[in-house]
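The chain contents come next:
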Amino acid sequence: MKKFGALLSASVIAAFSLTSISPASAKDLNVNGPGGRIHGADISRWQHPNGKPINFVKMHDAGVAFVMIKASDSRDDADQLAAKYVKMDRTGAQAAGIYTGFYHYAILPDVTAPSALIKDAQVQAQKVIWRIASLGGYNEMDLPVALDIENNCVRLSSTKVCKKTATRSAATLWSKTFLKTIKEKTGRTPLIYSSPYFLENSLIRDKELSSYPLWIAQYAIDPAKEGALPNFKLGSHVKAAGCYVHSWTTAGCTANWTVWQYTSCGIAPKYGVPGSRLDLNVFGGGPEKFQSLLTGTWLPDTADFMPQGETSTITITAVSASTTNKNAVISVEVKRPDNSPVVTGAVKYYFHSSNSVIPKVTQTIARETSGSWKLSIVGLPAGTWVGNVGFKDASGTHAEVKAPLTLTIEQGPTPPPAPTKKPSVKPATDSCRNQIKN
């Protein structure tokens, strides 16, 4: 079969009117997936190597009834890549007769105060609402948004090793706030995606949390085998081996799951996807239950769309700059006109042209919470440096803004040369070992 781009040109795809698509009725949904279940996939920019399109007609013909599409991300660079493909993928999938859902990959904030956690969750939910609004809202072939929460690291070292994780209570409050905000705005109940290990160890058992449908990720258990279910440790159904205990764990040690991601090693070309691997899922119910997730459309109002060039204000809240052997650290906050944090963007120190030279330095930013960063500058020479801290937003949502800042650095002791380390060679591992290869 030819590539999807050959089957449906961009102009043809654009001509599709989603409101004219007649979705399959409950009785028409394909239940020929593993274990006689409804089969699904999930995709992101990784399924577009070198920008290649997905052949959704081939995916549909291979028995996939729904696809979850990455629509947004806490990190701006990853979010821009998600935005690049979500509209194209949603249009192509629905045109091929595949139901679509969306997911947001979350990074938790490096804060502990409940008010700050709530504010950050609301800001990240705003990003999701803007993204769904840009698609025209939910239509009758859209499943709800899912919160992808699988990482509780809130602070990394310079070598990208996690130095601090969110507490279970903080991660739980953040998740509940995010999910509630999405539900109240769109009228659709969002899903939550994670592994049973994360659910048990990183979140508190919570009744409100359990009211949201669970999309559970657990591999090495074949859903085609009779009685196969996720949530058991070591892939065993023997209770002596243990099960994961979390908000969705039932009295029988299973999980009250709605979608099960059973492999990350699906045979991508079989489903019209460029590359070699594809996440595959099964739905935990029949056609009627599936249709229940499609209830209710959401059409955005004018106020629900992402603004363009919205006015920003920047505040430098703290500065630590002393000697050449220490990093200069600048704490910065950027806010919207209503005094809420900006949703996207980042900060950087810019040297003014009046300096005799422009030093070569390394700048790193650590996001503490939405609209709040710690900017570290490594390698500043001794002297007085004139410049400004500037905020820029690649998405164009918030306007650029800057605040002047002069840094005075004194000569410090010269650090000894770092010892030379031989790079360690890690043995090759097969990440698909023991996984299902459908």
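Quantities reported herein were computed from a predicted structural model and do not represent experimental measurements.

J.: Help me understand the overall build of the protein chain in this model?
T.: On a plain count of helices and strands, the protein chain comes out with nine helices and 17 strands. Whereas a compact globule of 438 residues would reach a radius of gyration of roughly 22 Å, the protein chain reaches 24 Å, a difference of no more than 12%. Across its three principal directions, the C-alpha atoms of the protein chain cover 75 × 55 × 45 Å. Burial status across the protein chain gives 50% buried among its 438 residues. Taking as baseline every contact in the protein chain between residues at least 6 positions apart, the subset at least 24 positions apart corresponds to 72%. A total of about 20,900 Å² of accessible surface is found on the protein chain, and carbon and sulfur atoms cover 54% of it. Looking at charge distribution, the protein chain has the averaged site of its 47 positive side-chain charges lying 6 Å from that of its 32 negative ones.

J.: Which parts of the structure should I look at to understand unusual backbone geometry?
T.: Outside of glycine, negative phi angles account for most residues, and trans bonds account for most peptide bonds. Phi at Asn339 is positive, roughly 75 degrees, even though this residue is not glycine. Take Asn339: it is sitting in the loop between strand E12 (328–335) and strand E13 (346–351). At Asn434, a position not held by glycine, the phi torsion is positive, near 70 degrees. Of note, Asn434 is situated in the segment after strand E17 (401–409). Looking at Asn434, the relative accessible area reads 59%, which means it is exposed.

J.: Sorry if this is basic, but what is going on with the sheet that holds strand E8 (residues 214–217) here?
T.: What links the strands of a sheet is backbone hydrogen bonding, and the strands pair in either a parallel or an antiparallel sense. Here eight strands make up a closed barrel; going around it, the order is E1-E2-E3-E4-E7-E8-E9-E10 and the pairing mixed. Averaged over all adjacent pairs, the angle separating strand axes in this sheet is 30 degrees, with direction ignored. Both strand E3 (residues 99–105) and strand E4 (residues 142–148) contribute to a ladder of five bridges, which runs parallel. Looking at E4, one finds that Thr100 is bridged to Asp142. On top of the sheet, helix H5 (residues 114–134) reaches strand E2 (64–73), E3 and E4; it is set at about 125 degrees to E2, its chief contact.

J.: Whenever I open this one, the sheet that holds strand E15 (residues 372–378) confuses me. Can you help?
T.: What the four strands build is an open sheet, ordered E11-E12-E15-E14; its pairing is antiparallel. Unpaired on one side and paired on the other, strand E11 (313–320) and strand E14 (362–369) mark the two borders of the sheet. When strand polarity is set aside, the average angle formed by the axes of neighbouring strands in this sheet is 25 degrees. Pairing analysis gives seven bridges linking E11 to E12, with the strands arranged antiparallel.

Scoring rules and cut-offs
Residues numbered from 1 in each chain as written. Predicted model: local features only at pLDDT ≥ 70, side-chain atom pairs only at ≥ 80, totals over all residues. Heavy atoms only, no water. Helix = DSSP H or I, 4+ residues; strand = E, 2+ residues; numbered from the N terminus. Rg over C-alpha atoms; globule rule 2.2 N^0.38 Å. Buried < 20%, exposed > 50% of the residue type's maximum accessible area, 1.4 Å probe, protein only. Contact = heavy atoms within 4.5 Å. Areas by Shrake-Rupley, 256 points an atom, 1.4 Å probe, with all protein chains shown as cover. Lys, Arg positive; Asp, Glu negative; His and termini not counted. Charge placed at Lys NZ, Arg CZ, Asp CG, Glu CD. Pairing = 2+ DSSP bridges. Axes fitted to C-alpha atoms, helices over the stretch in contact; angles between N-to-C directions.

Fair warning: the whole summary comes from geometry, so function is off the table for now.
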